[in-house]
Amino acid sequence: RWLVQVPRTYAVWHAQGTVRSFQEFLDNVFAPLFDITEHPEHDPALVSFLRDASGFDSVDDESKPDTRIGAQQLDRRQWTSGDNPPYSYYMYHMYERIARLNQLRAARGLDVFDFRPHCGESGSENHVLAAFLTATGINHGIMLDKTPVAQYLYYLAYVGICVSPLSNNSLFLNYSANPFPLLFKRGLNVSLSTDDPLQFHYTQSPLTEEYAIASRFWDLTSVDQSEIAKNSV
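Computed from a predicted structure; not experimentally measured.

(A) Examining the overall build of the chain more closely. From N to C terminus, the chain includes 11 helices and seven strands. The C-alpha atoms of the chain give 19 Å as radius of gyration, which agrees with the globular expectation for 233 residues (17 Å, within 12%). By its C-alpha atoms, the chain is 50 × 40 × 35 Å across when sized along the principal axes. A burial count over the chain gives 45% of its 233 residues as buried. In the chain, once contacts between residues fewer than 6 apart in sequence are set aside, the share between residues at least 24 apart is 59%.

Take a look at the structure:
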């Protein structure tokens, strides 16, 4: 099962002259998928791969400041500047493309896709609100600690939150300050997850490593561990 990561790097490709608008950036990802949904004979290998793809991720450094949007830039075809669109802009247009693709694929009896972006790892608290409106679930979500209203929304809707405390500890937040145990005790749908295990883990069983360290550090019982594992399914 594959989760396809789409980096939020429009500005990089625009600077290289690879794309001229945000519409072209999206087309590079989604146009082939619409095409083979309607004409599977065009690329049987891609058709086969998508049977094992569960959804899409959106990933980049969230701590970068968001660009302000002008009214003339709301249409993705009119975003032709070299500025990288803000996080919420990526969320909406990724969601819109995935929703249309899912509609088309469902009508043909094909598998559909989730949208599970990296979200709330750092940066603005508005990111978790943008993802709440657009995503099936999120990866990281530690900025929920700063926004009790968003926490309550995620609790009510039971949105999945995959937290990677060892990765967070290396990049943005000390392990002892991670809100994972708080979110878990409050009843949010949190699970433990690896993130770039070749960088942030030391054993050949990185997910077991996440569970072992979290269980010892936060005194998680076997029942707690079972509930967290259940949340991950």
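(B) Examining the packing of aromatic side chains more closely. Overall, the coordinates contain 18 aromatic pairs when judged by the stated rule. Seen from their ring centres, Tyr 152 and Tyr 155 are 6.3 Å apart, and the 15° between their planes marks the pair as stacked. In this pair, Tyr 152 and Tyr 155 both sit in helix 6 (residues 148–157), three residues apart, roughly one turn of the helix. Taking relative accessible area as the criterion, Tyr 152 reaches 51% and is therefore assigned exposed. Cluster of aromatic residues (ring-pair linked, three or more members): Tyr 10, Phe 22, Phe 25, Trp 79, Tyr 89 and Tyr 90.

(C) Region of the structure containing the state of the cysteines. A full pass over the atoms with the stated rule returns zero disulfides. Cys 119 carries a free sulfur, and the closest cysteine sulfur to it, the one in Cys 162, is 12 Å from it. Judged by its relative accessible area of 0%, Cys 119 is buried. The exposure class assigned to Cys 162 is partly exposed, which follows from its relative accessible area of 25%.

(D) Layout of the pattern of salt bridges. For the structure on display, the rule yields five salt bridges. Residue Arg 97 pairs with Glu 96 through a salt bridge whose shortest N-O separation is 3.1 Å. For Glu 96, a relative accessible area of 10% puts it in the buried group. Among the ionic pairs, Asp 114 bridges to Arg 116, the shortest N-O distance being 3.1 Å. The exposure class of Arg 116 is partly exposed, given its relative accessible area of 22%. Each of Glu 96, Arg 97 and Arg 100 takes part in a single network of salt bridges with overlapping partners.

(E) Main features of a nonpolar patch on the surface. On the surface, Tyr 152, Tyr 155 and Leu 156 cluster together into a nonpolar patch covering about 340 Å² of accessible area. Since its relative accessible area comes to 38%, Tyr 155 is described here as partly exposed.

(F) Structural view of helix 5 (residues 126–134). Every buried residue of helix 5 is listed here: His 127, Val 128, Ala 130, Ala 131 and Thr 134. The buried side chains of helix 5 occupy one side of the element, clustering within an arc of 160° when seen end-on. Among the exposed residues of helix 5, those oriented more than 90 degrees off its buried face are Asn 126 and Leu 133. If you follow the buried residues of helix 5, they end up packed against helix 4 (87–107), strand 3 (114–115), strand 4 (118–119), strand 5 (137–140) and helix 6.

(G) Seen up close, the environment of Tyr 10. Its location among the elements puts Tyr 10 in helix 1 (residues 10–15). The class of Tyr 10 is buried, set by a relative accessible area of 0%. Separated by 158 residues in the primary sequence, Tyr 10 and Asn 168 have C-alpha atoms spaced 25 Å apart. Among all residues touching Tyr 10, those that are not within four sequence positions of it are Val 19, Arg 20, Ser 21, Phe 22, Phe 25, Trp 79, Thr 80, Ser 81, Asp 83, Asn 84, Pro 85 and Tyr 90.

(H) Just the pairing of strand 5, in detail. Sheet topology note: the strand 4/strand 5 ladder contains two bridges and is parallel. Residue pairing in the sheet places Cys 119 in a bridge with His 140 of strand 5. Pairing analysis gives three bridges linking strand 5 to strand 6 (residues 160–163), with the strands arranged parallel. Bridged to Asn 139 within strand 6 is Cys 162.

Calculation notes
Residues numbered from 1 in each chain as written. Predicted model: local features only at pLDDT ≥ 70, side-chain atom pairs only at ≥ 80, totals over all residues. Heavy atoms only, no water. Helix = DSSP H or I, 4+ residues; strand = E, 2+ residues; numbered from the N terminus. Rg over C-alpha atoms; globule rule 2.2 N^0.38 Å. Buried < 20%, exposed > 50% of the residue type's maximum accessible area, 1.4 Å probe, protein only. Contact = heavy atoms within 4.5 Å. Phe/Tyr/Trp six-rings, centres within 6.5 Å; stacked < 30°, edge-to-face > 60°. Disulfide = S-S within 2.5 Å. Salt bridge = Lys/Arg side-chain N within 4 Å of Asp/Glu carboxyl O. Patch = residues over 30% accessible without salt bridge, like charges linked within 9 Å, V, L, I, M, F, W, Y side chains within 5 Å. Areas by Shrake-Rupley, 256 points an atom, 1.4 Å probe, with all protein chains shown as cover. Arc of directions from axis to C-beta. Pairing = 2+ DSSP bridges.

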